[in-house]
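Working through the structure, step by step
What follows is each chain in one-letter form.
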Amino acid sequence: MRSSPLPRMSRRGRVTIGVLIGVFVFFTLLGWGVNAWTDWLWFDEVRYTQVFTGVLATRLLLFLVIGAGMALVIAANLWLAYRLRPRLRPHSPEQATLERYRMLLTPRLGTWIAVVSVIIGLFAGLSGQSRWSQWLLFRNGGTFGVKDPEFGVDVGFYVFDLPFWRYLLGVGFTAVVLALLGALAVHYIFGGVRLQGVGDRMTNAARAHLSTLVAVFVLLKAIAYVLDRRAMLLEYNEGAKLYGAGYADVNALLPAKEILAYISVVVAIAIIVFSNAVMRNLVWPGIALALLGVSAVAIGGIYPWAVQTFEVKPSARDKEAPYIERSIEATRAAFGIGNTKTTGYAANNLVPPASLATDTSVVQNVRLLDPQLVSETYTQLQQVRGFYDFGSKLDIDRYTLADKTSDYVVGVREINYGELPNNNWINRHTVYTHGYGLVGAPANQVVCGGQPYFVSGFLGEKAQEACSSQTEQIPAQQPRIYYGERMEADDYAIVGQTGDRNVEFDRPTSTGGEQYYTYTGAGGVEIGSFTRRLLYAIKEQESNFLLSEAVNDDSKLLYVRNPRDRVEKVAPFLTLDGDPYPAVVNGRVLWIIDGYTTAATYPYADRVNLQAETTDELTGRGTFQLAREDVNYIRNSVKATVDAYDGTVKLYEFDNTDPVLKAWNKAFGGDLVLPKGDIPPELAEHFRYPADLFKVQRNLLTKFHVTDPGDFYSGQDFWQVPNVPDAPDSGQKQPPYYLFTQFPGQEGPRFQLTAAVTPNGRQNLAALVSGSYVDGEPRLEVLELPDQTRISGPTQVHQQMTNNGDIRQQLNLLSSNQAQVQYGNLLSLPFADGMLYVEPVYVKSSNQDAYPLLQKVLLSYGDGGSYVVLANNLSDGIKQLVEQGKKAPGGSPPPSSGGTNPPTGGGTTTPPVLTGELAQAADRVQSAIAEVKAAQASGDFERYGRALKTLDEAMSAFQQAQAAANPSPGPSASGSPSAAPPTSPSPSATPNG
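Residues numbered from 1 in each chain as written. Predicted model: local features only at pLDDT ≥ 70, side-chain atom pairs only at ≥ 80, totals over all residues. Heavy atoms only, no water.

Some details on the overall build of the protein
Of the regular secondary structure elements, the protein holds 26 helices and 34 strands. Relative to its 993 residues, the protein shows a buried fraction of 54%. A sequence separation of at least 24 residues applies to 69% of the contacts in the protein between residues at least 6 apart. In the structure as shown, the protein presents an accessible area of about 43,500 Å², 55% of it carried by carbon and sulfur atoms. (Helix = DSSP H or I, 4+ residues; strand = E, 2+ residues; numbered from the N terminus. Buried < 20%, exposed > 50% of the residue type's maximum accessible area, 1.4 Å probe, protein only. Contact = heavy atoms within 4.5 Å. Areas by Shrake-Rupley, 256 points an atom, 1.4 Å probe, with all protein chains shown as cover.)

What follows is the structure, given as structure tokens:
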């Protein structure tokens, strides 16, 4: 009796393997089941179960259909190959070797085929279920009402249909190739295909089977050529450096693809006919395949290359012009920049006008507080307890108080779980469950030596701080923050208590005690039952759900507490803006998150990477970094809100013309997104132009503001986004900034997102780009300066202001080894046919727990270097600029930059003897410097701020006394005396904050 080709496994070994497999499957299914169950409970809490069931059902459907289809194709071809095996095989060493494998496979052939097919089907199903979004768009997509410029096909085909068709084609290719390889292996093992022996190397049955699979592959290739013709409108055009079919593609490659499709059909027929009906061998089918390959290279490769090289390149500007125009139009439409309003701005006034001092639309609304810098100030002054935190960047919003609309710097006082006094499970999850209050301050006002003037978010009924409003000006009926940006994935909270005992830390009281609270909101999943506790004990791998007395019959579990994560889970089809922001709306603190619908298959539109286009200085510092997603279509179609107290999520339709949002809404029942008309007016007042969308549009406008194809090809009029003005070598782009201001051509002040751009390769100012809402609709505007403007760009202006002689001296006085100067947003403000630049100057001490204080304001008007001042405040700076403008003869710049006195010649001079009022002013300066030193040594920051303010006033008084004693022909632009007091402070004794 012939021995078995493989040794048999012992019964104990088989049992052991079976047990291990069973344990693995059990825990895998248990983990999947727990996650699915808890997800269902979470979606039920937020009332979006249609998303959970819709996505889950679609995934299961695609898994079963794609997996079963792939498994059936593989199994059928393997079984057919076995059934077509020859009954008699010639004797040869090869067949003798294969006999042992036939003995192994034949008794359980069905099992082997089933195992192989199921494994392949499993992987195919897993791949298929990940395409749930493509299927839902394919199933529910509509039309755009816009046709592509080459075939006249609606854009909806490219966005909704083409991606899934290409995926199905890929599945077909994979199935045919795997079936061909599997059938070839079975034919070989069972003798249908032989490498040795007399006679034919392949039986007729095997040849018919394999040649049919090859023919099917070639037919699929013909379909691929047809789809490739459409997909050409999405490919990169190397000649024009844009996306979309160019001259060579349309005139050479496009007809080549059509010819190759016909050739593929002919070759597929030839393979079947010549292999099985005429010659019954593989010679002619092989020749046909070779001809197809040669045709693909010659017709689809060499010919288009020749056209591109010899016809297009010598006159690319003219040849590519129509296709460049297509790309320009498609890109402007796909990214929502087609309706950008461009206005020329002469910027020919280089002298500060007198109207600066009386203006109420621009100057009065200039924002001085930088939300990135003052976050530390908020934390130190409004923290109260060490575990409270405002994050690394605050937000800008606007409120109307006392019939006046202004922008405010706002932040939410949240729990920083890494700073808890005793970070155990009880404290982290049951005691310190929430933050408290939205803290706001006017963006253009400082008090107490450079501090923000806080008007909201106080921990008591009235503010206790001397430098804050004594009443809550932005009142929130429910100020508690259970959902916030500082929440991580594992920062769940267990709330709800039995009886009257409150255990959640609420806030410190004015008497030094602590107030406790019990959550009463509708949010959270009930976990009072033993089953729910066990369920979440398994999910969180935490036994305290079962053992701790903190979990009782009334307990609720709050999780997924980050507002952005919460919206992303509810609407997985949205790309979310990286900067959620809080607002008080009808007494509730709401997080507002902008949601984008995107696509990557809009014909002829330029393609961008969202992560690359939205990354700048602030990315990762208070804003989330977007994923590396390539898109060529984007709309801000949804405004989402998350209630900071109960976690309620609402999705509001904002762009009611977006076909992509309509398809997604239809996919989930038609009522997933609330209509635009349901947006409360009080909420709409806090909508702002989204930052990430603006960055993408701004970056595209640096090129696509050029609409003439010839000019676009030359690229001479392209712009660029400047680097951070105070750190240009960092390579980080200057972030856009929110302002409540009025630009030329606008009817009144608007809350708008603004950015400056410079010509490509140069640093002077090219244009200002702004995004705002007018009557609830987004509006992009470009204020374009002449090509040869003298107006400097942000980087140049910052360098010119800080390198001014008097200003450099004062900045050196503000900084020392114990302090550093920090610069806020450099604002570019068009005013009176000129350009006003404003840059706040902060000083931060190197002492522990120090925070930046706004000490000075840099201002410039005109070309950036002629009129420059460093003032104590904006009002003084404007007055000094106006005075400089009045002293300028004939409206021309003064002879010395920044108003500094010109040198009188070489040699040394003897300082004048100070007498009278000048001596008294000098004494005041010395006394103020002594007080600054004492305040610095004491560590009292309020005293230190007051001391700095006193020093500034003393130096201003000294300047005035000096001017009265020695009138000079030119005013001091910086506001500092031209001659120092008798005893100037050394750098180590310089005030620092």
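Re the packing of helix 2 (residues 49-83) against helix 5 (residues 132-140)
Interhelical geometry of helix 2 versus helix 5 gives an angle of 100 degrees and a closest axis separation of 9 Å. The orientation of helix 2 with respect to helix 5, classified from their angle, is roughly perpendicular. Every residue of helix 5 that contacts helix 2 at Val55, Thr58, Arg59, Leu61 and Leu62 is listed here: Trp132, Trp135 and Leu136. Looking at the contact of helix 2 with helix 5, its residues break down into six nonpolar, one polar and one charged. (Axes fitted to C-alpha atoms, helices over the stretch in contact; angles between N-to-C directions. Parallel < 35°, antiparallel > 145°, perpendicular 65-115°, else oblique. Nonpolar A, V, L, I, M, F, W, Y, C, P; charged D, E, K, R; others polar.)

Some details on the sheet that holds strand 13 (residues 493-495)
If you trace the three strands from one edge of the open sheet to the other, you get 13-17-16, paired in antiparallel fashion. On the outer flanks of this sheet lie strand 13 and strand 16 (525-526), each paired with one strand and no other. Inspection of the sheet shows strand 16 paired to strand 17 (residues 556-558) by two bridges, in the antiparallel sense. Bridging from a neighbouring strand, Val525 pairs with Leu557 of strand 17. (Pairing = 2+ DSSP bridges.)

Focus on the side chain of Gln822
Here Gln822 lies in strand 30 (residues 819-823). Ignoring sequence-local partners within four residues, the contact set of Gln822 consists of Leu373, Pro840, Val841, Tyr842, Lys844 and Pro852.

Topic: the sheet that holds strand 9 (residues 438-442)
Two modes of strand pairing occur in sheets, parallel and antiparallel, and in both the strands are linked by backbone hydrogen bonds. One open sheet holds the three strands; their spatial order is 5-6-9, and the pairing between them is antiparallel. Looking at strand neighbours, the two that pair on one side only are strand 5 (395-401) and strand 9, the edges of this open sheet. Pairs of neighbouring strands in the sheet enclose a mean axial angle of 40 degrees, with direction left out of account.

Looking at the pattern of salt bridges
Tallied over the full model, the rule gives 29 salt bridges. In this structure, the salt-bridge partner of Arg621 is Glu617, at a minimum N-O distance of 3.9 Å. Judged by its relative accessible area of 34%, Arg621 is partly exposed. The partner of Lys886 in a salt bridge is Glu883, and the shortest N-O contact between them spans 3.8 Å. Placement of both Lys886 and Glu883 in helix 24 (residues 874-887) is noted, with a separation of three residues, approximately one turn of the helix. (Salt bridge = Lys/Arg side-chain N within 4 Å of Asp/Glu carboxyl O.)

Points about the packing of aromatic side chains
Enumeration according to the criterion identifies 43 aromatic pairs in this entry. Seen in terms of ring centroids, Trp42 and Phe43 are 5.1 Å apart; in terms of plane orientation they differ by 90 degrees. Their pairing is edge-to-face. Side by side, Trp42 and Phe43 carry an identical accessibility label, which is buried. Each ring, one from Tyr236 and one from Tyr243, has its centre 5.1 Å from the other, and the planes form 70 degrees; the classification is edge-to-face. Given a relative accessible area of 19%, Tyr243 falls into the buried group. The structure contains a cluster of three or more aromatic residues connected by ring pairs, namely Trp135, Phe138, Phe164, Trp165 and Tyr167. A cation over a ring is seen here: Arg480 above Tyr517, with NZ or CZ 3.9 Å from the ring centre. (Phe/Tyr/Trp six-rings, centres within 6.5 Å; stacked < 30°, edge-to-face > 60°. Lys NZ or Arg CZ within 6 Å of the ring centre and 35° of its normal.)

Overview of a nonpolar patch on the surface
A contiguous nonpolar patch, built from Val15, Val19, Val23, Phe26, Phe27, Leu30, Phe530, Leu534, Ile538, Leu546 and Leu547 and spanning about 1,000 Å² of accessible area, is present on the exposed surface. Elements with a contribution of two residues or more to the nonpolar patch: helix 1 (11-46), helix 14 (530-540) and helix 15 (544-547). If one sorts the elements of the nonpolar patch by residue count, helix 1 sits on top with six residues. Looking at the secondary structure, you find Phe27 in helix 1. Its relative accessible area of 54% is what places Phe27 among the exposed residues. (Patch = residues over 30% accessible without salt bridge, like charges linked within 9 Å, V, L, I, M, F, W, Y side chains within 5 Å.)

A look at the pairing of strand 30
Residues in a regular strand point their side chains to alternate faces of the sheet. The buried fraction of strand 30 is high, at four of five residues. The pairing of strand 30 with strand 32 (residues 834-845) spans five bridges and is antiparallel. Looking at strand 32, one finds that Ala819 is bridged to Ser845.

As for the packing of helix 1 against helix 14
At a minimum axis separation of 10 Å, helix 1 and helix 14 run at an interaxial angle of 120 degrees. Taken together, the axis directions place helix 1 and helix 14 in an arrangement best described as oblique. Crossing angle aside, the handedness with which helix 1 passes helix 14 is left-handed. Listed contacts from helix 14 to Val34, Asn35, Trp37, Thr38 and Leu41 of helix 1 are Thr531, Arg532, Leu535, Tyr536, Ile538 and Lys539. Residues of the contact of helix 1 with helix 14, tallied by class, amount to six nonpolar, three polar and two charged. (Left-handed = near helix turned anticlockwise from the far one by under 90°.)

So, the nonpolar core
In terms of nonpolar packing, the biggest core is built from 202 residues, with Leu651 and Leu836 touching the most fellow members. In terms of residues, this core owes the most to one element, helix 6 (residues 155-189), which gives 16 residues. Ignoring anything within four residues of it in the chain, the contact list for Leu651 reads Tyr48, Val567, Val570, Ala571, Val638, Lys639, Ala640, Leu672, Val673 and Leu674. (Core = buried A, V, L, I, M, F, W, Y, C linked by side-chain atoms within 4.5 Å.)

Some points on the environment of Thr758
Tracing the chain through its elements places Thr758 in strand 27 (residues 750-759). Once the C-alpha coordinates of Thr758 and Phe718 are considered, the two residues, 40 residues apart in sequence, prove to be 8.9 Å apart. When sequence neighbours within four positions are dropped, the list of residues in contact with Thr758 reads Trp719, Gln720, Pro722, Gln763, Asn764, Ala766, Gly793 and Pro794. Polar side-chain contacts of Thr758 include one of 3.3 Å to the backbone oxygen of Arg762. (Polar contact = N/O pair within 3.5 Å; in protein donor to acceptor, adjacent residues only side chain to side chain.)

With respect to a negative patch on the surface
Together, Glu325, Glu329, Asp708, Asp711, Asp717 and Asp787 give the surface a local cluster of negative charge. Relative to the helices and strands, Asp711 is located in helix 21 (residues 709-714). (Lys, Arg positive; Asp, Glu negative; His and termini not counted. Charge placed at Lys NZ, Arg CZ, Asp CG, Glu CD.)

Focus: helix 24
Look at helix 24: 20 Å from first C-alpha to last across 14 residues, which is about the 20 Å you get at 1.5 Å a residue. Taken as a whole, helix 24 has its buried residues at Leu874, Gly877, Ile878, Gln880, Leu881, Val882, Gln884 and Gly885. Looking at the buried residues of helix 24, the elements they touch are strand 32, strand 33 (853-861) and strand 34 (867-871). Capping the start of helix 24, Asn873 holds a side-chain oxygen 3.2 Å from the backbone nitrogen of Ser875, two or three residues further along. (Expected span 1.5 Å × (residues − 1).)

Quick look at the pairing of strand 6 (residues 404-412)
The buried fraction of strand 6 amounts to seven of the nine residues, a majority that puts the element mostly inside the structure. Note that strand 5 and strand 6 share seven bridges and pair antiparallel. Looking at the pairing, Tyr399 lines up with Ser406 of strand 6. Hairpin connection, strand 5 to strand 6: the antiparallel pair is bridged by two residues, and Ala402 has positive phi, about 55 degrees. As paired elements, strand 6 and strand 9 share five bridges and run antiparallel to each other. Its bridge partner being in strand 9, Gly411 is matched across the sheet by Val439.

Side note on helix 1
The first and last C-alpha atoms of helix 1 sit 52 Å apart over 36 residues, in line with the 52 Å expected at 1.5 Å per residue. Taken together, the buried residues of helix 1 touch helix 2, strand 16, helix 14 and helix 16 (563-570). Remark: Arg47 follows helix 1 within two positions and exhibits a positive phi of approximately 65 degrees.

What to know about unusual backbone geometry
Of note, Asp403 is a non-glycine position whose phi angle comes to about 65 degrees, a positive value. As for its placement among the helices and strands, Asp403 is situated in the loop between strand 5 and strand 6. The exposure class assigned to Asp403 is exposed, which follows from its relative accessible area of 80%. One non-glycine residue, Tyr604, adopts positive backbone phi at about 75 degrees. By the secondary structure assignment, Tyr604 is in the loop between strand 20 (588-599) and strand 21 (608-609).

Concerning the environment of Val838
Among the secondary structure elements, Val838 is positioned in strand 32. What makes Val838 buried here is its relative accessible area of 0%. Considering only alpha carbons, one finds Val838 and Val797, 41 residues apart in sequence, at a separation of 9.8 Å. For Val838, the contacting residues outside a window of four places in its chain are Val366, Leu368, Asn825, Leu826, Leu827, Leu829, Val857, Leu858, Leu859 and Leu874.

Function-wise, these values are silent; they only describe arrangement.
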